Amino acid sequence: MYREHPLRALRRSVKSLWLLIFPLLRGAYHIASTEDILVWLHGVWIDLLVLLAILGYGLLDWYFREFTVENGQLFVQDGIFAVRRRYLPLKNLTALTIEHPFWMRPIGASYVYADTAAGVLSSTDIRLMIRSKDEPLFLGAVPQMKQGRRHHAEHKGGFWRILLFSVIFSNSFNGLLYLVIFLFQFRRIVQDLIEAFQLNDRFEEVSENVSRKLSGIPPIVVTVIIVLAATWLLSLVINILRYGNFDMHSDRRTVAIHSGLLTRRRHLLVTDKVNFADLRQNLWTKLFRVYSLTVSCPGYGNQRGSIPICLPIQTRREIDTALPMLFPGYHRTRRRGHPSLWALWGYTWRPVLAGAAVLLLDELDRFIPAIELAQTLLPPLEGAISFFRIMLFIPIGWNILVQAAAVLTNGLTVSDGTVCLRCCKGTTFHTVIAGTDSVVKIKIYRHLWHRLSGGCHLAIYFRSEVPQRFVLRSVSYEAALRELEPILSKVEE
């Protein structure tokens, strides 16, 4: 039996421990003589007892937590008073992740995440903080990769490909999410830093200076632009740190993925347990015919904000070569069961109406007393409203182009036991490739106008820990039934 790294005893207590550190340090800061030490100890002994109790509990919890890998099972036993034993059959393993945070490498510690298709949504089944020297215990339990050209695939992500991938999949929302999490987790420390360095005043000063140089743009608009640019840049940097040094190996049974600049991660995926492959594109990459291959595999990509990438930016020829080697039977097929050009309005009506609403509000705001009064009392507000109204047309126009491209590229093909679904979610194009046994539910929606035009909306649900639903809109009803016939015939049997 093995025990985890001793650092876990401290990590177990750290959530409560930090509440006592600050009072202790604050009292120690005012010590100037021996008498001050006695006075301080006289009042702090209760805090010290609580501190020792927290540390003692963490130490006992670490001591009674043991694990081992033997007889084809991962066994974990923990609990001080009530003992809990968990068995994870290695044959059910879908993904094994070994993580080396940069601050844990000097002390020889790492995390191990073992996942199966069971469990609650995207939570990890078993997580251990182990000594780095114990890693072979887990790696030896996974089938070793076969070498050779017949069944061995290899890819090293170059710097420019990783940079392009990070640029494509970085957005202000993710950056804002990271920032909010950081502020929430360390709100007291961050609040003190903001007050000490007067960051609010400095930020307002920067916004005003930029606004003066860019004549005609109100400071509030400059502030919003700076925040969006900063959060997007934060998301970009995090993606580069997460996916840098990308390296992938495969032998058709196991896919090994290495990535990370500061925190290094090694993922081992069992090919047979992969739910589906997803080729992602945006409008720019679609024009240049390049893809990013991601996979749905329980235990991979569970970290908040992470993307389950298997191959970064790849050309069409590279994808067509690598996909069958990674996942036998998976291949791109010709587009069938696609929307007709008459479905263009069904794809674009939302952004078109949004653009019309912006234009209409531009004409009606003069008749709305509240808006007119606000613009009179706050003259800068008028410029800000006009600027934001113009800026709204950029995402609206982009969305119209994306939806028009979706009409020309969406479709469904089912052949040779493989489903190839092309659809669009938001501004991202997806080409989902999976075996027909990965389809768990199909919904066909037919509204009144669909009955008149012979069309339908098709929703396909694929097997996954978190429900994965992809919708193909305004496709011919007869074409959809014809393509789904191999799947529906199995259900009838």
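Chemist: Explain the pattern of salt bridges here, please?
Modeler: Side chains carrying opposite charge are able to pair once their charged atoms draw close together. This model, assessed by the stated rule, comprises 14 salt bridges. For the salt bridge of arginine 65 with aspartate 78, the shortest nitrogen-to-oxygen distance reads 2.9 Å. Taken together, the residues span a long stretch of sequence, with arginine 65 in the loop between helix 2 (34-63) and strand 2 (66-70) and aspartate 78 in strand 3 (residues 73-78) at a distance of 13 residues. Overall, aspartate 78 belongs to the buried group, its relative accessible area being 8%. Residue aspartate 320 is joined to arginine 332 by a salt bridge in which the shortest nitrogen-to-oxygen separation is 2.9 Å. One end of the pair, aspartate 320, is in helix 10 (residues 316-326); the other, arginine 332, is in the loop between helix 10 and helix 11 (344-364), with 12 residues separating them in the sequence. We classify arginine 332 as partly exposed; its relative accessible area is 22%. Shared partners join several salt bridges into a network, and the residues in it are Glu4, Arg8, Asp61, Arg65, Asp78, Arg84 and Arg86.

Chemist: How should I be thinking about the pairing of strand 9 (residues 247-250) in this particular structure?
Modeler: Looking along a regular strand, one sees the side chains alternate between the two faces of the sheet. On strand 9, burial covers both faces: Asp247 and His249 on one face and Met248 and Ser250 on the other are all buried. Where strand 8 (residues 153-156) meets strand 9, four bridges bridge the pair, whose relative direction is antiparallel. The partner of histidine 155 across the bridge, within strand 9, is methionine 248. Note that strand 9 and strand 10 (residues 254-259) share four bridges and pair antiparallel. By the bridge assignment, aspartate 247 is partnered in strand 10 with histidine 258. What sits between the antiparallel neighbours strand 9 and strand 10 is a turn of three residues, in which arginine 252 has the positive phi angle 75°.

Chemist: Please explain the packing of aromatic side chains as it appears in this structure.
Modeler: Pairs of aromatic rings are described using the distance from one ring centre to the other and the angle between the two planes. Considering all chains together, one arrives at 12 aromatic pairs under this definition. Aromatic side chains phenylalanine 159 and tryptophan 160 sit 5.2 Å apart centroid to centroid with 75° between the ring planes, which places their arrangement in the edge-to-face category. The burial state of phenylalanine 159 is the same as that of tryptophan 160; both residues are exposed. Judged by centre distance (5.4 Å) and plane angle (50°), the rings of phenylalanine 276 and phenylalanine 462 are tilted. Highlighted residues: phenylalanine 276 in strand 12 (residues 276-281) and phenylalanine 462 in strand 19 (residues 455-462), separated in sequence by 186 residues. By the burial criterion, phenylalanine 276 is buried, and phenylalanine 462 matches it. Following the ring pairs from residue to residue traces out a cluster consisting of Tyr2, Phe67 and Phe138. Here the guanidinium or amino end of lysine 425 rests over the ring plane of phenylalanine 470, the centre of that ring lying 4.3 Å away. Between the NZ or CZ atom of arginine 473 and the centre of the ring of tyrosine 347, over which it lies, the distance is 4.3 Å.

How each quantity is defined
- Residues numbered from 1 in each chain as written.
- Predicted model: local features only at pLDDT ≥ 70, side-chain atom pairs only at ≥ 80, totals over all residues.
- Heavy atoms only, no water.
- Salt bridge = Lys/Arg side-chain N within 4 Å of Asp/Glu carboxyl O.
- Helix = DSSP H or I, 4+ residues; strand = E, 2+ residues; numbered from the N terminus.
- Buried < 20%, exposed > 50% of the residue type's maximum accessible area, 1.4 Å probe, protein only.
- Pairing = 2+ DSSP bridges.
- Phe/Tyr/Trp six-rings, centres within 6.5 Å; stacked < 30°, edge-to-face > 60°.
- Lys NZ or Arg CZ within 6 Å of the ring centre and 35° of its normal.

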